[in-house]
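What follows is the residue order along each chain.
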Amino acid sequence: MQCPFCGDEDIKVTDSRNATDANAIRRRRQCLSCQKRFTTFETVDLAVQVKKRDGSYQDFNLEKLTNGLSAACRHTRVGPEQVSALSSEVSSEIMEKGLREIETTVIGEMIMQKLKVLDTIAYIRFACVYRRFKDMDELINAIQSASTLETIMKN
């Protein structure tokens, strides 16, 4: 690492803390040459490739996952904090599996299982996009399945 002020590489870390962002470390550094201080943030790089339906691969993207969940949860009782927590939870589960690649179907199923318990409307919205229902019967079956689970959980 180089000092952003003088370009020297002789730098020491004066303080390390967990950042408020998931999987990030905040480091306070000081250049031993010019004595100026600066802050860096280190985040975990998910070296996981996501295999798409068409066979192509993309890097796992937490922001893309969060945006999809936000769209499904808009105007439901699931707030932005819960969406962020759910995204981080799914991301952590993927990291814990230690896989180099994962299919979108696996990620989609993980999300749907969590949404089904959290909020029926958000689950149905996500399922409509994810499963690409071809007819009304498929949608009705998904709604009935979610409704049965919601009834069981209320009792």
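Residues numbered from 1 in each chain as written. Predicted model: local features only at pLDDT ≥ 70, side-chain atom pairs only at ≥ 80, totals over all residues. Heavy atoms only, no water.

A. Spatial organisation of the packing of aromatic side chains. For the structure on display, the rule yields one aromatic pair. Taking the centre distance of 6.4 Å and the plane angle of 70° together, the rings of Phe 5 and Phe 38 count as edge-to-face. Residue Phe 5 is found in the segment before strand S1 (11-18), and its partner Phe 38 is found in strand S3 (residues 37-43); the two are separated by 33 residues along the sequence. Among the residues examined, Phe 5 registers a relative accessible area of 48% and is labelled partly exposed. (Phe/Tyr/Trp six-rings, centres within 6.5 Å; stacked < 30°, edge-to-face > 60°. Helix = DSSP H or I, 4+ residues; strand = E, 2+ residues; numbered from the N terminus. Buried < 20%, exposed > 50% of the residue type's maximum accessible area, 1.4 Å probe, protein only.)

B. Looking closely at the pairing of S3. Bridge count between strand S2 (residues 24-31) and S3: seven bridges; the pairing is antiparallel. In the strand pairing of S3, Arg 28 is matched with Thr 39. Hairpin connection between S2 and S3: a loop of five residues separates the two successive antiparallel strands, and Gln 35 in this loop has a positive phi of roughly 70°. (Pairing = 2+ DSSP bridges.)

C. Structural view of the packing of helix H3 (residues 104-118) against helix H4 (residues 120-131). Where H3 contacts H4, the axes come no closer than 8 Å and their chain directions differ by 160°. Relative to H4, the element H3 lies roughly antiparallel. Once H3 is placed against H4, the crossing between them reads as left-handed. Between H3 and H4, the residues in contact are Thr 104, Thr 105, Gly 108, Glu 109, Ile 111, Met 112, Leu 115 and Lys 116 and Thr 120, Ala 122, Tyr 123, Phe 126, Ala 127, Tyr 130 and Arg 131, respectively. Taken together, the residues of the contact of H3 with H4 break down into eight nonpolar, four polar and three charged. (Axes fitted to C-alpha atoms, helices over the stretch in contact; angles between N-to-C directions. Parallel < 35°, antiparallel > 145°, perpendicular 65-115°, else oblique. Left-handed = near helix turned anticlockwise from the far one by under 90°. Contact = heavy atoms within 4.5 Å. Nonpolar A, V, L, I, M, F, W, Y, C, P; charged D, E, K, R; others polar.)

D. Here's a closer look at the sheet that holds strand S5 (residues 57-59). Sheet architecture is open: three strands sit in the order S5-S4-S6, paired in mixed fashion. Here the strands that pair on one side only, and so sit at the sheet edges, are S5 and strand S6 (101-103). With direction set aside, neighbouring strand axes in the sheet form an average angle of 30°. Two elements, strand S4 (residues 49-51) and S5, share three bridges in a ladder whose sense is antiparallel. Of the residues in S5, the one forming a bridge with Lys 51 is Tyr 57. Most of the contacts of H3 go to S6, to which it runs at about 65°, and overall it touches S4 and S6.

E. Here's a closer look at unusual backbone geometry. Unlike most non-glycine residues, Gln 35 shows phi in positive territory, near 70°. By the secondary structure assignment, Gln 35 is in the loop between S2 and S3. Under the relative-accessibility criterion, Gln 35 is labelled partly exposed at 45%. A positive phi is found at His 75, a non-glycine position, where the angle reads about 65°. Structurally, His 75 is set in the loop between helix H1 (62-73) and helix H2 (80-97). Here His 75 falls in the exposed class, since its relative accessible area comes to 75%.

F. Main features of the side chain of Thr 76. Of note, Thr 76 is situated in the loop between H1 and H2. One polar contact links the side chain of Thr 76 to the main-chain amide nitrogen of Val 78, over a distance of 3.2 Å. Beyond its immediate sequence surroundings of up to four residues, Thr 76 is in contact with Asp 119, Ile 121, Ala 122 and Arg 125. (Polar contact = N/O pair within 3.5 Å; in protein donor to acceptor, adjacent residues only side chain to side chain.)

G. Region of interest: the pattern of salt bridges. Taken as a whole and assessed by the stated rule, the structure comprises seven salt bridges. The partner of Arg 27 in a salt bridge is Glu 42, with the nearest N and O atoms 2.6 Å apart. Here the residue Arg 27 occupies a position in strand S2, and Glu 42 occupies one in strand S3, the gap between them amounting to 15 residues. The exposure class of Glu 42 is partly exposed, given its relative accessible area of 31%. Between Arg 29 and Glu 42 there is a salt bridge, with the nearest N and O atoms lying 3.0 Å from each other. With Arg 29 in strand S2 and Glu 42 in strand S3, this residue pair connects regions lying 13 residues apart in the sequence. Salt bridges linked by common partners bring Asp 15, Arg 17 and Arg 26 together as one network. (Salt bridge = Lys/Arg side-chain N within 4 Å of Asp/Glu carboxyl O.)

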